[in-house]
2 protein chains.
Amino acid sequence: MITVDERIREVRQLMKRRKIDIYYVPNEDDHLSAEYTAPYFRCKSFLSGFTGESGCVIITKSFAGLWTDGRYFTQAEKELEGTCITLMRLRQEGVPDPIDFLIQKTPKNGVLGFDGRVVSAVNARKLADALQKKNAKIRMDEDFAGEVWGKDRPYMPADRLWVLPVKYTGETAEQRIARVRAAMKEKGADTLILTRLEDPCWILNIRGNDIESTPVAYAFMLVTKTRVFYYIDFEKVSAEVKKHFAKYGVAVRPYAMLGKDLATLRKRTIWAELNTLSAALYSRLDSSNTIINEMSPVQQFRAVKNETEINNTVNAHIKDGAAMVKFLYWIKQNAERGDLTEVSAQNYLYELRAQGEDYIEPSFPTICAYQENGAMMHYNATEENHSPIKAKGFLLVDSGGTYKDGTTDITRTIAVGKLTAEEKRLYTKVLKGHLGLMGAHFLYGTAGNNLDILARRPLWNENIDYQCGTGHGVGHVLSVHEGPQSVAWGRRGNAVLEAGMIVTDEPGVYLPDKLGIRIENELLVVNGEKNFYGQWMHFETITFCPYETEAIEVSLLDDEELALLNAYHKKVYETVSPFLKPKEKTWLRSVTKAITR
Amino acid sequence: MITVDERIREVRQLMKRRKIDIYYVPNEDDHLSAEYTAPYFRCKSFLSGFTGESGCVIITKSFAGLWTDGRYFTQAEKELEGTCITLMRLRQEGVPDPIDFLIQKTPKNGVLGFDGRVVSAVNARKLADALQKKNAKIRMDEDFAGEVWGKDRPYMPADRLWVLPVKYTGETAEQRIARVRAAMKEKGADTLILTRLEDPCWILNIRGNDIESTPVAYAFMLVTKTRVFYYIDFEKVSAEVKKHFAKYGVAVRPYAMLGKDLATLRKRTIWAELNTLSAALYSRLDSSNTIINEMSPVQQFRAVKNETEINNTVNAHIKDGAAMVKFLYWIKQNAERGDLTEVSAQNYLYELRAQGEDYIEPSFPTICAYQENGAMMHYNATEENHSPIKAKGFLLVDSGGTYKDGTTDITRTIAVGKLTAEEKRLYTKVLKGHLGLMGAHFLYGTAGNNLDILARRPLWNENIDYQCGTGHGVGHVLSVHEGPQSVAWGRRGNAVLEAGMIVTDEPGVYLPDKLGIRIENELLVVNGEKNFYGQWMHFETITFCPYETEAIEVSLLDDEELALLNAYHKKVYETVSPFLKPKEKTWLRSVTKAITR
């Protein structure tokens, strides 16, 4: 394998040869998936050596930069060390957004290059508009990362689809197609292009296995008033799935045909979310069509879970909670010996989860990070590179499972030995924020960005931030991160919270080279009383696992927080204890008994 | 005077004669001012009898509705009683937005009518786009309210302009024009149309007297790369102001000429905020122009106060605080006798404020509302219609002054006698919310909608809402309500808080027919520490007046809230006491001494 600097050099040679001044390598795949993608698409990681799931690379003659966000700063610093690549910290003062950087740095009369299959129509248009003023050009058919990668590039995944029965989803594909068509009719659209990987899975009650830990398949969908076209490599479609499709009148077409099919659309009113439609595909649509560039209706449908999905999800969380409690008990029994490692711990947790009924796979790669490794929000311990767990400080474990009945995502920060006063104080501040959001009580119309401060406040009051959102939506046997809802501040998090949505609640503290603390539960949005002022709403916690009582500084909690904590622990015991062995049960009772001052 | 029902009947006759199916009467003036306008423009109030400063009227053959927002529900119910007009409660479930209602109710092939001078280009375009699908038409040259009003309609105001010296504003008109031109250059605009009444006042360091309690003049402005045109009735321009304009090269043009001048613009890149540009004026621009429809740069400039403006504003608040303390002392001395009225109290407060140096006028009509009247957020006591102040319960006083050095806005809810336990509890909940926002600590990038919950939470936790924003910006010797910043939830309040901005902090409880409680201070946004996470910010309170200690239920406050309250009261005493008479001073000391459990 050649080094990162050599790869950059090869890209620069290609740039010179093809007369390109500045080259852009985003993180996305052909579907503009923002985070988890198949290895085939990880060009940014191939070129930079940075393995995090967010960011992009920009290369000029004299500069090579990797942009990534706050969750990955510490990790990126380490992984970029010794390379020619500059770390560009997204959203930090003085750091331009990558698209703005491209606009600024493309020279007058110059040429910007990228692979138009992995750049959204929105970004491509923004770039084109801005560069026109400079008389600069765009070439969007250049996959330099792919060329340098050559025969070492991983294959496109090709696993089989499978059907997720209605007993888990609560609706047939027929019903879901009808809902999609009703939304199209309301919007006045005759054609809907679906590019998000989760959308066809949700509509058709199928799942795939193309991305690690995310049960989706690389496929597109086109819905018209009378037809449903599904674009996928045929080898992924088994006889059983073929029958399932036939039942619902779904026409299967080759994955690569979508572009050609789009080129035949004329005078249509097409609903397409242009930030998830690639510039390459978008270029196949001509101006006789009217484009409705709005969020896909499926994203909203997916986010609002029906009763069957909710009941199933809660069931998955009970199994998951039992696995987590067993894990915590095991850690507590064994940590003192000092022979655990991040890898042995995470492997044991994988094993425990796998015992759950209907378990499929982890819902994302487990983050099992001892002490200072926890400061890297998306740390990944490997056989080659991991830390032993000593008998002091914190072990941060962020993990989850995909079961046939639901998807889980939970973080616990575990005291594996003696804690310092600062560690306890910070843990308690994080817990205060976590309980603050959990206890939120709000009117319909509230969005995540109205509530974010409830989680962030105890840390912001100490001039500490966690540089990421407080919470994200969770898919139903789909992506562990899903929109449109989120809990975040600034410009993000503005989707209204609807009853049936799930959001995570995961504030944290990340002190580079020192420690990481995160506490995460999943919260279900539910309706409360309706009165003169409107519909009142609150959260119901669907994660069942105790907090780290050894790390709680009770004097820092107010009465309301203490009551919330005790009520939650009581619920955890009642819910999970039936699935435990006697010793685990005894331990759970001891850590969930009411805390008093 | 004819009755409301007769007026509606006359409008319906005009509708029939001119073949109009549905007629729309908004609240705005020719500048799309959303709230305070000259009496000449109050067509909605003339037709409906509803005197609140927000809302609109829609009339069809069989329906007449008045839309208004939560601040006015109780008032509107009373004022509409016995008329044919239906109250439409804005933002309540099942109540369509008025523009959507117009779209729904205009019949196929029908005609919608309004006066295009008082409807924004944005709304007119939205209506036109939607009605086109129904083959319905719009007639925007019909001022039916004006026709029915006839010779009783008030005149357009015609008071003189005056110059606000640089010692108050900190910048010359030349400097401000230069800043505007720099913003235009950055945006690529060669022409800027300013319609908001405050914008030309701010740029030119002038003030007017066309709207009660708001020192602005009815005028438009057009800024090009080399010229500044100011459209106003000539009689408003004194010799002194003429000289001032000449000094800065401002060309004065007749108010009514803007439309004709716009019609001469060709091939320009015009920056105009289309929600404050009337449909009538917009129709004068042709398609050879490129329109940049973004917020006027002046609104942002005005909102971020410079050091001179801040120092002056603080000075105005000290004078204002002294007047308020004298008022509170006077109420406390006299309320027991039981012979005060809302009107006598507000008149005395006007008198006290008028004694302040550089006092101009109230910054808005004082709301002096005893007990249940306080439930009407914008209640207005008049000689003809007001309540006596009995020796029990609350008197809510929301008032402010415009001084040459600044604008103030303060609300205190005063115990005028014995309080019930519920009154104390609710007062304390409001105070908790008020202190919650006051104590906010946040990172740069935070908007008002991220912080709103801090004020609303103690009430939302009891399923009570106050149905309006928590806070608004305040102009500098301009409107008491100004944007772009605000503290609100849902879709509002999304402007980033910048150091130098002012917002009010005014949560409340409004129980119809029972009571109203509101506590309001002005907060200045200031920078704190800057560290690894970014620029930390907080608020500095610039209102100096004690809260109602008789209404505080100390057991409901947590330690943090109590500390904030005591520190504030200490600051109030230190700031205001030098301006008081001995007895007032003694009283202030007694009500500002530290509260302990």
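What comes next concerns the included structure. Because the structure is a prediction, the values reported are computed rather than measured.

Overview of the overall build of chain A
Counting secondary structure elements, chain A contains 19 helices and 28 strands. Against the compact-globule benchmark of 25 Å for 597 residues, chain A has a radius of gyration of 24 Å, which places it among compact chains. In terms of overall dimensions, chain A has a C-alpha envelope of 70 × 55 × 50 Å along the principal axes. Expressed as a percentage of the 597 residues in chain A, the buried residues total 62%. Expressed as a percentage of contacts within chain A between residues at least 6 apart in sequence, the contacts between residues at least 24 apart total 69%. Summing over all exposed atoms, chain A offers an accessible surface of approximately 23400 Å²; the carbon and sulfur share of this is 50%.

Comments concerning the relation of the copies chain A and chain B
Structural alignment of chain A on chain B gives an RMSD of 0.0 Å, achieved by rotating through 180° and translating 0.0 Å along the axis. Considering both components of the superposition, the chain copies are consistent with a two-fold axis. Among all residues of chain A, the minimum C-alpha distance to the rotation axis is found for N450(A), at 2.4 Å. Interface residue correspondence from chain A to chain B reaches 97%, placing this contact among same-surface, isologous pairings.

A look at the interface of chain A and chain B
Between chain A and chain B, the contact holds 33 residues from the first and 32 residues from the second. Counting the surface lost from both chain A and chain B, the interface buries some 3100 Å², and carbon and sulfur atoms represent 50% of this. Ranking the residues of chain A by area buried against chain B places N450(A), N463(A) and Y533(A) at the top, with a combined share of 21%. As a salt-bridge pair, E93(B) and K530(A) come within 2.9 Å of each other at their nearest N and O atoms. The greatest single-element share of the side of chain A that touches chain B, amounting to 7 residues, is contributed by helix α17 (residues 448-460) of chain A. A class-by-class count of the residues in the side of chain A that touches chain B yields 15 nonpolar, 12 polar and 6 charged.

Section: unusual backbone geometry
All names here are of chain A. The omega torsion of the bond from G483 to P484 falls at 5°, within 30 degrees of zero and hence cis. Counting through the fold element by element, P484 comes out in strand β23 (residues 482-487). With a phi close to 45°, Q371 is a non-glycine residue in the positive phi region. Here Q371 shows up in the loop between β16 (367-370) and β17 (394-399). A residue is classified by how much of its surface remains accessible, and Q371, at 12% relative accessible area, is buried.

Regarding the environment of I206(B)
Residues and elements named next belong to chain B. You can see I206 is positioned in strand β9 (residues 206-207). The spatial distance from the C-alpha of I206 to the C-alpha of A217 is 9.2 Å, given a sequence separation of 11 residues. Discounting residues that sit within four places of it in the chain, I206 has contacts with L161, W162, V163, L164, P200, C201, Y230, V241, H244 and F245.

Some words on helix α14 (residues 307-334) of chain B
Residue and element names in this part refer to chain B. Here α14 is 28 residues long and its end C-alpha atoms lie 40 Å apart, about the 40 Å a rise of 1.5 Å per residue gives. Along α14, 20 of the 28 residues are buried, which leaves the element largely enclosed by surrounding structure. Among the residues of α14, the N-terminal cap falls to N306, whose side-chain oxygen and the backbone nitrogen of T308 are separated by 3.1 Å.

So, the pattern of salt bridges
When the charged atoms of two side chains with opposite charge come close together, those side chains can pair. Counted by the stated rule, this structure contains 79 salt bridges over all chains. Residue R457(B) is joined to E560(A) by a salt bridge in which the shortest nitrogen-to-oxygen separation is 3.9 Å. Pair noted here: R457(B) is in helix α17 (residues 448-460) and E560(A) is in helix α18 (residues 559-576), and the two residues belong to different chains. In this structure, D452(B) engages R456(B) in a salt bridge whose closest nitrogen and oxygen atoms are separated by 2.6 Å.

Procedures and definitions
- Residues numbered from 1 in each chain as written.
- Chains lettered and ligands numbered in written order.
- Predicted model: local features only at pLDDT ≥ 70, side-chain atom pairs only at ≥ 80, totals over all residues.
- Heavy atoms only, no water.
- Helix = DSSP H or I, 4+ residues; strand = E, 2+ residues; numbered from the N terminus.
- Rg over C-alpha atoms; globule rule 2.2 N^0.38 Å.
- Buried < 20%, exposed > 50% of the residue type's maximum accessible area, 1.4 Å probe, protein only.
- Contact = heavy atoms within 4.5 Å.
- Areas by Shrake-Rupley, 256 points an atom, 1.4 Å probe, with all protein chains shown as cover.
- Least-squares fit on C-alpha atoms with pLDDT ≥ 70 in both.
- Buried area = accessible area lost by both parts, 1.4 Å probe.
- Salt bridge = Lys/Arg side-chain N within 4 Å of Asp/Glu carboxyl O.
- Nonpolar A, V, L, I, M, F, W, Y, C, P; charged D, E, K, R; others polar.
- Expected span 1.5 Å × (residues − 1).
- Polar contact = N/O pair within 3.5 Å; in protein donor to acceptor, adjacent residues only side chain to side chain.

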